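Topology and contacts: notes
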Amino acid sequence: MRILGIDPGLRAMGWGVIESSGNRLSHVANGVCQSDGDDLGERLLSLHNQLIEIIASYAPDQAAIEQTFVNKDGAGTLKLGQARGVALLTLARAGLPVGEYAPNRVKKTVVGVGHAEKEQVQHMVKLQLPGCQPRNADAADALAIAICHAFYGGAPASRLREVKA
């Protein structure tokens with residue numbers, strides 16, 4: 001099974017593709033979708049178009065995305081939600097089943113601790129995907145989300161959206 005993991009962000013949206021075969025995981029690709037400019041609509045469209053290219057290039061069977069967490073910056077949370085919405089729409093239009101995972105669930109699955117630091121996540125991603133060099137922290141997070149989905153991938157597609165921390 002090929003899994004596309006997405007770490008949503010408006011300026012930088014991390015993505016990672018892995019192969020999962022039983023207990024074996026392997027790295028396929030990773031990167032970051034960048035959106036520039038001041039116009040929100042253009043930035044969201046740019047993210048959409050880049051995700052379409054990634055899906056076409058790597059042909060994932062399933063996808064996984066991090067759930068939005070609400071922080072003190074309401075405007076920042078709203079912008080993150082808009083980028084996440086574009087990602088979900090793009091995945092749905094591609095016909096991909098999508099698993100949604102809380103940040104703490106991803107960290108606990110990959111690192112063993114729900115409040116792990118970004119450096120710990122990057123380290124464990126490299127250990128679990130030998131030879132993988134994540135482009136940056138956003139790409140490493142996206143690969144961690146894909147790994148989390150591989151762990152919970154036995155859930156029926158109808159339940160994938162319901163997996164919570």
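Residues numbered from 1 in each chain as written. Predicted model: local features only at pLDDT ≥ 70, side-chain atom pairs only at ≥ 80, totals over all residues. Heavy atoms only, no water.

Points about the pattern of salt bridges
What the rule picks out here adds up to three salt bridges. Where Arg84 meets Glu100, a salt bridge forms, and the shortest distance between an N and an O atom there is 2.4 Å. One end of the pair, Arg84, is in helix H2 (residues 74–93); the other, Glu100, is in strand E5 (residues 98–101), with 16 residues separating them in the sequence. For Arg84, a relative accessible area of 11% gives the class buried. (Salt bridge = Lys/Arg side-chain N within 4 Å of Asp/Glu carboxyl O. Helix = DSSP H or I, 4+ residues; strand = E, 2+ residues; numbered from the N terminus. Buried < 20%, exposed > 50% of the residue type's maximum accessible area, 1.4 Å probe, protein only.)

Comments concerning the packing of aromatic side chains
Tallied over the entire structure, the rule returns three aromatic pairs. An aromatic cluster of at least three residues, connected via ring pairs, comprises Tyr101, Phe151 and Tyr152. (Phe/Tyr/Trp six-rings, centres within 6.5 Å; stacked < 30°, edge-to-face > 60°.)

Looking at the confidence of the model for the protein
Chain-level statistics for the protein give a pLDDT mean of 89 and a share of 92% at 70 or above. No element of the protein has a lower mean pLDDT than helix H6 (residues 157–160), which averages 40, and none a higher one than strand E1 (residues 2–7), which averages 98. (pLDDT = per-residue confidence, 0-100.)

Some words on the pairing of strand E2 (residues 12–21)
E2 sits mainly inside the fold: seven of its ten residues count as buried. The hairpin formed by E1 and E2 contains four residues between the paired strands. As consecutive antiparallel partners, E2 and strand E3 (residues 24–34) are separated by two residues, and within that stretch Gly22 has a phi angle of approximately 65°, a positive value. (Pairing = 2+ DSSP bridges.)

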